Amino acid sequence: MTTEPVSDTTLDAPAIPEVVGHAASELKADAPPILTVENLRMYFPIKTPLMRRTVGHVQAVDGVSFVVPKGGSLGLVGESGCGKSTTGQLITRLYKPTGGTMMFEGQDLGSMSNKAMKPLRREVQMIFQDPYSSLNPRHTVGSIVGSPLRVHNVVPKNKVLSRVQELLEVVGLNPEHYNRYPNEFSGGQRQRIGIARALALQPKLMVADEPVSALDVSIQAQVINLLQDIQNEFDVAFLFIAHDLAVVRHFCPEIAVMYLGKIVEVGDRESIYGNAHHPYTQALLSAVPDVKQAVTGERRDRIRLTGEVPSPIDPPSGCRFRTRCPIAQEICAKHEPPLLQIGKRHKVACHFPGRLGEHPREPLTARLLGVDSVGQPDPGASPVTDLVEHPGYSDTWFDLDGKTIGRA
Ligand SMILES: Nc1ncnc2c1ncn2[C@@H]1O[C@H](COP(=O)(O)OP(=O)(O)OP(=O)(O)O)[C@@H](O)[C@H]1O
Ligand code: SF4
Ligand SMILES: [Mg+2]
């Protein structure tokens, strides 16, 4: 793989300062799932202006599967346009999915009618990226934070104000400031107002869509600490969306990496940050500044991805990353790599999975797919027909080092 000193900015990620006083969130490996997403798809139709005829689709999310454990947090990371927000918006049912299931406490959010969804809307709340546009400037903080309480009628009218004040206190704001307007607060304080609003209905799951991206680096750690406190105190699960791996490292013990509508690698913190096997994850990681390097002044070798992210209207055949992948081979254009479990809590979708600089020369997936090394059907092979991408982990996996089946 080609490596170069850091120079361009396309994948540069500002480091969030060390999060002081808060240990990194721990993996809740034994917690039952609060959300199980399976083969989720969202194809937005493209219509002609006059006839409103459908002439194609934007394949924003295309077969995504993952699990968020009860009270835990999963990070969803990828470049702009890879389908992160659409995934979050599907879970909060701002859109009805084209296909797939989203099981939340035994009910499929994707197939429910809007009426049936109403009680569940309390349980799944969203924190938005932009604390400026997501708060109505003409409403007071009390009215903004109290609005879900009134709409869902969860506290008597005469108790709304005291509940709002409690919520403001929980998120670190002065409860006496309930009658102020959003423009009287800083960006970080506004994001706290958004968090208080999301918390008002005591949800079991929060979808946080880039909740710190719009904030100063110095404020980001404070907001992440607050989310961690909220998680510990209220046992809320999080799907935490971010465009770089630095932001989710502390808060998310598991991370899924998305590229052009698909998950390319998912695993626990150790697997993703210490043992990434997908060239795209490795490229994202090479752009994450390292505190130690900043102190010593060393320069990290940087993987430079060439070319633009292709259009999700007409994505590349086979592996969607192949047009930018520095190690792509012929098979990559012919077959989509399955999301293969390669460790206890580690999955990767690549024909040539390996540590940086140690990618195999022959496709490791060929035997499973029943093809030869260039992707042609192999008459002597017996393909594995049940390479189904289930959302969780199984207790057996494909061990790349020994090329055998591993076991938990
Ligand atoms: N309502 C829509 N109609 C048509 N296309 C859409 C719609 N919403 C999103 N898209 C497209 O779907 C793709 C995924 O968009 P999405 O907003 O989910 O990406 P993202 O990963 O959140 O990106 P960013 O980091 O920029 O927020 C993009 O190509 C986007 O243009
Ligand atoms: S499958 Fe091929 S193109 Fe895709 S990431 Fe792996 S090597 Fe690169
Ligand atoms: Mg987005």
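If you're wondering where the values come from, they're calculated on a predicted model, not measured in any experiment. (Residues numbered from 1 in each chain as written. Chains lettered and ligands numbered in written order. Predicted model: local features only at pLDDT ≥ 70, side-chain atom pairs only at ≥ 80, totals over all residues.)

1. Some thoughts on the site of ligand 1
Then, number 1: Around ligand 1, 13 residues are found, and the nearest of them are F44, A60, S80, S85 and T86.
Then, number 2: When residues of the shell around ligand 1 are traced back to their parent elements, those giving at least two are β3 (54–69) and α1 (84–91).
Then, number 3: Counting residues per element, the shell around ligand 1 draws most heavily on α1, which supplies 3 residues.
Then, number 4: For the shell around ligand 1, the per-class residue count stands at 5 nonpolar, 7 polar and 1 charged. (Near = placed C-beta within 6 Å. Helix = DSSP H or I, 4+ residues; strand = E, 2+ residues; numbered from the N terminus. Nonpolar A, V, L, I, M, F, W, Y, C, P; charged D, E, K, R; others polar.)

2. Brief notes about unusual backbone geometry
Then, number 1: Positive phi, normally seen in glycine, also occurs at N39, with a value near 50°.
Then, number 2: Topologically, N39 is positioned in strand β2 (residues 33–47).
Then, number 3: A count of 16 C-beta atoms within 10 Å places N39 in the partly exposed class.
Then, number 4: With a phi angle near 55°, N153 is a residue other than glycine that sits in the positive phi range.
Then, number 5: Tracing the sequence through the fold places N153 in the loop between α3 (141–151) and α4 (160–170).
Then, number 6: Residue N153 is classed as exposed on the basis of its C-beta count, with 8 C-beta atoms lying within 10 Å. (Buried ≥ 20, exposed ≤ 12 C-beta atoms within 10 Å, placed from the backbone.)

3. Here we look at the sheet that holds strand β4 (residues 73–77)
To summarise the sheet geometry, strands pair through backbone hydrogen bonds and adopt either a parallel or an antiparallel arrangement.
Then, number 1: Spatial ordering of the open sheet is given by β7-β8-β9-β4-β10-β11-β14-β13, a layout of 8 strands whose pairing is mixed. Taken across any chain shown, the strands that pair with only one partner, and hence form the sheet edges, are β7 (124–127) and β13 (340–343). The mean angle between the axes of side-by-side strands here comes to 20°, regardless of whether they run parallel or antiparallel.
Then, number 2: The pairing of strand β11 (residues 262–268) with strand β14 (residues 346–348) spans 3 bridges and is antiparallel. Opposite V266, over in β14, you have K347 as the bridge partner. (Pairing = 2+ DSSP bridges. Axes fitted to C-alpha atoms, helices over the stretch in contact; angles between N-to-C directions.)

4. Here's the deal with the sheet that holds β3
Then, number 1: Strand order in this open sheet of 4 strands is β3-β2-β5-β6, and the pairing throughout is antiparallel. Taken across any chain shown, the strands that pair with only one partner, and hence form the sheet edges, are β3 and β6 (107–108).
Then, number 2: Examined bridge by bridge, β2 and β3 share 12 bridges and lie antiparallel to one another. Residue pairing across strands places Y43 opposite Q59, the latter belonging to β3.

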